[in-house]
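# Chains, contacts and geometry: an overview
Now for the letters of each chain:
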Amino acid sequence: MRITQDDYIKANRKASREAEIAAYGHPICHKRVHKSKKIYDRKRIKAGRDGDLPFLFL
């Protein structure tokens, strides 16, 4: 029984994923593109205003 490089990489990835889930509660996607704050985004602008909407029912 020898530990190959593939076995080592597989075990390391599994441990890293489990640590990530333990830290954040869910796996984090590292391939997602970062969204720039400089780009106009109506949804983000609307979400940023807390309490500005006229019909806010709590």
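As a reminder, the structure under discussion sits directly above these lines.
Before going into details, it helps to say that this report is about the structure given with it. (Residues numbered from 1 in each chain as written. Predicted model: local features only at pLDDT ≥ 70, side-chain atom pairs only at ≥ 80, totals over all residues. Heavy atoms only, no water.)

### Examining the overall build of the protein
Helices and strands together make up the secondary structure of the protein, namely 2 helices and 0 strands. Looking at the protein residue by residue over its 58 residues, the buried ones come to 3%. For the protein, the exposed surface amounts to about 6600 Å²; the carbon and sulfur share of it is 57%. (Helix = DSSP H or I, 4+ residues; strand = E, 2+ residues; numbered from the N terminus. Buried < 20%, exposed > 50% of the residue type's maximum accessible area, 1.4 Å probe, protein only. Areas by Shrake-Rupley, 256 points an atom, 1.4 Å probe, with all protein chains shown as cover.)

### Some points on helix α1 (residues 5-24)
Within an α-helix, residues lying three or four positions from one another point in the same direction, as the helix has 3.6 residues per turn. With 20 residues, α1 extends 28 Å between its outermost C-alpha atoms, agreeing within 8% with the 28 Å of an ideal straight helix rising 1.5 Å per residue. Phi turns positive, to about 90°, at Gly25, one or two residues after α1. (Expected span 1.5 Å × (residues − 1).)

### Structural notes on the side chain of Glu20
With respect to the helices and strands, Glu20 occurs in helix α1. The side chain of Glu20 is buried and forms no salt bridge, while Arg17, the nearest opposite charge, is found at 5.4 Å. Of the polar contacts made by the side chain of Glu20, one reaches the backbone nitrogen of Ile28; its length is 2.9 Å. (Lys, Arg positive; Asp, Glu negative; His and termini not counted. Salt bridge = Lys/Arg side-chain N within 4 Å of Asp/Glu carboxyl O. Polar contact = N/O pair within 3.5 Å; in protein donor to acceptor, adjacent residues only side chain to side chain.)

### Structural notes on the environment of Asp41
Structurally, the position occupied by Asp41 is in the loop between α1 and α2 (42-48). Here Lys35 takes part through its side chain, which lies 3.1 Å from a polar atom of the side chain of Asp41.

### Here we look at the pattern of salt bridges
Using the criterion set out here, one finds 1 salt bridge in the structure. For Lys35, the salt bridge is made with Asp41, and the minimal N-O distance between the two is 3.1 Å. Asp41 sits in the buried class, given a relative accessible area of 19%.

### What to know about a nonpolar patch on the surface
On the surface, Ile3, Tyr8 and Ile9 cluster together into a nonpolar patch covering about 360 Å² of accessible area. Turning to its location among the elements, Ile9 is positioned in helix α1. (Patch = residues over 30% accessible without salt bridge, like charges linked within 9 Å, V, L, I, M, F, W, Y side chains within 5 Å.)

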